[in-house]
Amino acid sequence: MRFRTTLILLFILAVLGLTFWFWPELESDTVGEVDLLFPTFSRASCERLVLRPPEGDELIIERRDAESGLWEITQPFLAEADDEFVDQVLRDLETSYRFQETGAGSLADYGLETPRLELTFRLAGEEARRIRFGSADLRRQDRPDVFIQIDDDESVYRTQRSLFDALDRQADELRERSVISPRLMNVFDVQRLEVHHEGGLLFAQQVGGQWEIEKPVVAPGDNTVIRSLLSTLLMLQIDRFVADQSADLARFGLAPPRGKVVLASGAGPTASSVTLLIGGDDPERPSNVFVTIAGRGSVYSVIDDQGSLRPNVTAVVSMTADDVRDGRIFGAVRYVSQRIEVQGPGETHWILERPQLDWRVLEPIQRLADTPSVGQLLDRLDLARFAAFLADPGEAGRAELGLADPEITIRLTYGDPPREAIVHLGATDPAGQVVWREDQGTFGRVETAALGFLANGFWPYIERPFWTIRQNDVLELEVRVEGAERSFRRGESGWESDPIPPDAIEAVVRRLVSLAGDEVYERTPEQGLESPIARVKLTTEAGAHVLLIGAPLPRRDEFRFAALESAPEAKAISADFLAELELLVR
């Protein structure tokens, strides 16, 4: 019996809870029908909104065109509309409900005799629709509704107050705050850039993701710098609306302007462009400058200083080609280079090439190259930049600058399909060294040490290991240190090395087969390799290999010169290895 009573009580509580929860909806049903405000409304097909306040100017907002989705204010002035505001209004019109008011009363009772606001909208191919807003419904504090009338219907309805609140704004509040709407274009949309100022014209185009300067010089552009410049222009926010449809642009330093910037995107039917005029300083806000969009007429005050990440607005219109040129001498070649040829002083001539995966020295000797060292070389070429650009000095001027008989010429093959960069280094003076990139016709100066290291030749790029021998392939070891000599043979059971422990022999062999030079040098008599302090011979089935150890490196006693007997290069090895060899012969 108790269980049945409990179930009955739970059922009654559930009914009461559901009744309480759905009471507002039930009450709405008792006072009138519930329906969408405009059941056939479509955001995509709406093309015009008209707002009429009880006093003041009528506000008209129209869709610019079907493709862009941009809206603009056409009355009482011409300006871009705040797209977020328009989207919100359209969403509200599409989703708002209406509740028919069944109570008796005059239009004045509902605030509709003189409406607080009237909205007219038009969908493509349809007649205009109208909604008139009256006073708020104060009877329901939990549901902030407002009284309305729709079209010519004399009935009074209620709808959510959020729609009225969204529309109840001043005209300036509905304007786009961006000087150039982000819906119109962004940094990556821009394909053409023109900057006009007193110094002339800067013209650049984007080709395959790379900016190219075409006027006043033909040169690669610096993508990072140009995109920063575009970011400055496209992220300009209006700080103050100054004038609309002004006939006196000269008063704002805009006729003629301080500078003019043209941004163009797309091609053919989808092409669009914006012309930004930059004028004088705003006397009311000293950190601001006046700007306008050509053909629009509105004058805005924008903050000139855009922060450390982007140039100032006024700096944009004083930029020259040198400011936006790619200052890299070779460009990004680290991972796409296939061949490096250097003609240095006198008869110095060397070539590195990567026919497949590994780099090789082809001239003046043939050796495997040291991959990390070549990588460091390419890193330095990647980082090499012009400190300043020079005008083409002509043939006579090139001779005077040492470019007719350059100190160093670098030919770098890179890319797919392969391209060749040809760079000549000429005369050096306190301002730096003259550089001529012949394939681009670019002249400039670099810091003296920027590329001079190439005169050191190919030795730093030779492979560091002395040989490619496996530890278990070594059959005999002969060691001579300062006249003391001993040899060891590997038998079936291991090294025959009495009284030296076999493990000690194996440790020396292990280090020998992995021995690599710290640095590589051209072999000279001063390195003490003609009369070495130590001589090590490794014998395998393939033949014998002899390592010579010579004098300490100048000012680096912790290293000694070492070389294979027949090799033209010497390498630096740690001097402590000599002590290990001495233990085998003493």
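Here the structure is a predicted model, which means the values were calculated and not measured. (Residues numbered from 1 in each chain as written. Predicted model: local features only at pLDDT ≥ 70, side-chain atom pairs only at ≥ 80, totals over all residues. Heavy atoms only, no water.)

Asks: Mind showing me how you'd approach helix α11 (residues 502–513) here?
Replies: Within an α-helix, residues lying three or four positions from one another point in the same direction, as the helix has 3.6 residues per turn. End to end, α11 covers 17 Å across twelve residues, agreeing with the expected 16 Å (1.5 Å per residue, within 8%). What α11 keeps buried is the set Ile505, Glu506, Val508, Val509, Leu512 and Val513. All buried residues of α11 lie within an arc of 160° about the axis, which places them on one face of the element. (Helix = DSSP H or I, 4+ residues; strand = E, 2+ residues; numbered from the N terminus. Expected span 1.5 Å × (residues − 1). Buried < 20%, exposed > 50% of the residue type's maximum accessible area, 1.4 Å probe, protein only. Arc of directions from axis to C-beta.)

Asks: Even after reading the chapter, I still don't get the environment of Tyr414, so can you show me in this structure?
Replies: Within the secondary structure, Tyr414 sits in strand β25 (residues 408–414). Between the C-alpha atom of Tyr414 and that of Arg339, which follows or precedes it by 75 residues, the distance is 7.1 Å. Within the structure, the side chain of Tyr414 is placed 3.3 Å from the side chain of Arg437, a separation counted as a polar contact. (Polar contact = N/O pair within 3.5 Å; in protein donor to acceptor, adjacent residues only side chain to side chain.)

Asks: Would you explain the sheet that holds strand β30 (residues 484–491) in this entry?
Replies: Across a sheet, strands are paired by hydrogen bonds formed along the backbone, either parallel or antiparallel in direction. Here eight strands make up an open sheet; going across it, the order is β31-β30-β29-β33-β34-β35-β36-β32 and the pairing antiparallel. Strands with a single pairing partner mark the edges of an open sheet, and in this sheet they are β31 (494–496) and β32 (520–522). Averaged over all adjacent pairs, the angle separating strand axes in this sheet is 25°, with direction ignored. One ladder, built from four bridges, connects strand β35 (residues 556–564) with strand β36 (residues 569–574); its direction is antiparallel. Bridge pairing in β36 places Phe561 opposite Ala572. (Pairing = 2+ DSSP bridges. Axes fitted to C-alpha atoms, helices over the stretch in contact; angles between N-to-C directions.)

Asks: In this structure, what is going on with the sheet that holds strand β19 (residues 299–303)? I would like to understand it.
Replies: Strands sit in the order β14-β13-β12-β11-β16-β17-β18-β19-β15 across an open sheet of nine strands; the sheet is antiparallel. The sheet terminates laterally at β14 (219–220) and β15 (238–243), the two strands that pair on one side only. Sheet topology places strand β12 (residues 200–207) next to strand β13 (residues 210–215); five bridges connect them, and they run antiparallel. Directly across from Gln205, in β13, lies its bridge partner Glu212.

Asks: What am I meant to see in the pattern of salt bridges here?
Replies: Once the charged atoms of two side chains with opposite charge are near each other, the side chains can pair. Overall, the coordinates contain 40 salt bridges when judged by the stated rule. Asp379 is the salt-bridge partner of Arg334, the closest N and O atoms lying 2.7 Å from each other. Taken together, the residues span a long stretch of sequence, with Arg334 in the loop between α7 (321–324) and β20 (337–343) and Asp379 in helix α8 (residues 371–383) at a distance of 45 residues. Asp379 gets classed as partly exposed once you look at its relative accessible area, which sits at 34%. With a shortest N-O distance of 3.5 Å, Arg411 and Glu420 are connected by a salt bridge. Judged by relative accessible area, Arg411 falls into the partly exposed class, the value being 31%. Given a relative accessible area of 36%, Glu420 falls into the partly exposed group. Connected through shared salt-bridge partners, Arg52, Glu58, Glu118 and Arg132 make up one network. (Salt bridge = Lys/Arg side-chain N within 4 Å of Asp/Glu carboxyl O.)

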